[in-house]
Every structure is written in C-alpha cells, then in structure tokens.
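# Descriptive structure summary
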Amino acid sequence: LIFALIITPGRSHAMIPVLLAIECSKTASFFGFGGVASAMIFANMGAAYGTAKSGVGIASLGTLKPELVMKNIIPVVMAGVLGIYGLIVAVI
C-alpha cells in the first residue's frame with residue numbers, strides 16, 4: 001500500500017491523503033531484500049579487501065621509511081568510506 005498526497009486545485013494549502021493499492025508479485029520483496037543484502041555484502045567485502053591491501057602496503061612502508069606512514073593512511077580511510085557508501089546504497 002502506498003500513500004499519496006493530492007493537491008487540490010484552487011487551494012494550495014489543502015492536501016488530501018489518498019491510499020493507493022498496488023498489487024506486487026510475491027517475489028518482489030525477495031528480490032528487493034536480496035539487492036539490499038548483495039549491496040551490503042559486496043561493498044563491505046571490497047572495503048575489507050582494500051583495507052587489507054593498503055594495510056600490507058603501509059606495513060611494508062613502515063619498515064623502509066617510517067616517517068611516511070601517517071601520510072599514507074588515506075587508502076585505509078577511503079576503503080572504510082567504501083563500506084559506508086555500500087550501506088547508503090543498500091538503504092536507498
């Protein structure tokens with residue numbers, strides 16, 4: 001069921017709520033929640049992979065040039081942002 005607001009002509013302040021009944025197939029919610037789950041799973045798997053790869057790079061950099069470790073922390077932050085972006089996509 002979907003609620004819609006209809007604006008009456010002549011009265012810009014009067015809105016009438018209308019209940020619209022839309023028939024959906026029985027598999028619509030299955031595929032909808034499947035899309036949400038896949039968005040969260042793949043985004044967080046990508047974030048974990050990016051964090052692991054950049055963590056290995058930072059660890060090897062720390063043995064060669066320890067003064068550059070804090071400058072190269074940006075890929076870890078960007079990988080975390082990827083997980084948050086996946087959560088936003090799943091919600092939308």
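What this report covers is the structure whose coordinates are included nearby. All values derive from a computational prediction rather than experimental measurement. Within every chain, residues take consecutive numbers counted from 1 along the sequence as written. Per-residue local features are limited, in this predicted model, to residues with pLDDT of at least 70; the limit for side-chain atom pairs, both in listing and counting, is 80 or more; totals at the level of whole chains, interfaces and linings are taken over all residues. Calculated side-chain values reflect all of the structure's heavy atoms, with hydrogen atoms and water omitted.

## What to know about the packing of helix H1 (residues 28–64) against helix H2 (residues 74–91)
- Here an angle of 0 to 180 degrees is reported between the N-to-C directions of two axes, which are lines fitted to C-alpha atoms, with helices fitted over the stretch in contact. In this text, helices come from DSSP runs of H or I with a minimum length of four residues, and strands from runs of E with a minimum of two, each type numbered from the N-terminal end. The N-to-C vectors of H1 and H2 enclose an angle of 180°; their axes lie 8 Å apart at closest approach. Taken together, H1 and H2 sit at an angle that is classed as roughly antiparallel. Across the interface between the two elements, Val 36, Ala 39, Met 40, Ala 43, Asn 44, Gly 46, Ala 47, Gly 50, Thr 51, Ser 54 and Ile 58 of H1 pack against Pro 75, Val 76, Ala 79, Leu 82, Gly 83, Gly 86, Leu 87, Val 89 and Ala 90 of H2.
- Throughout, the ten residues Ala, Val, Leu, Ile, Met, Phe, Trp, Tyr, Cys and Pro are labelled nonpolar, Asp, Glu, Lys and Arg are labelled charged, and all others, Gly among them, are labelled polar. In the contact of H1 with H2, the residues fall into 13 nonpolar, seven polar and no charged. With respect to orientation, any angle under 35 degrees is reported as roughly parallel, any angle over 145 as roughly antiparallel, any angle of 65 to 115 as roughly perpendicular, and every other angle as oblique. Pairs of residues are marked as contacts when any of their non-hydrogen atoms sit within 4.5 Å.

## Some remarks on H1
- Working rule for helices: expected span equals 1.5 Å times residues minus one. Taking 1.5 Å per residue as the helical rise, H1 with its 37 residues ought to reach 54 Å, and the 54 Å between its terminal C-alpha atoms agrees with that figure.
- Relative accessibility thresholds used throughout: buried, under 20% of the residue-type maximum; exposed, over 50%; partly exposed, between the two (1.4 Å probe, protein chains only). Along H1, the residues that are buried comprise Ala 39, Ala 43, Ala 47, Ser 54, Ile 58 and Leu 61.
- Tucked into the core, H1 has its buried residues touching H2.

## Remarks on the environment of Val 77
- You can see Val 77 is positioned in helix H2.
- Each C-alpha atom of the pair Val 77 and Ala 47 lies 9.6 Å from the other, and the pair is 30 residues apart in sequence.

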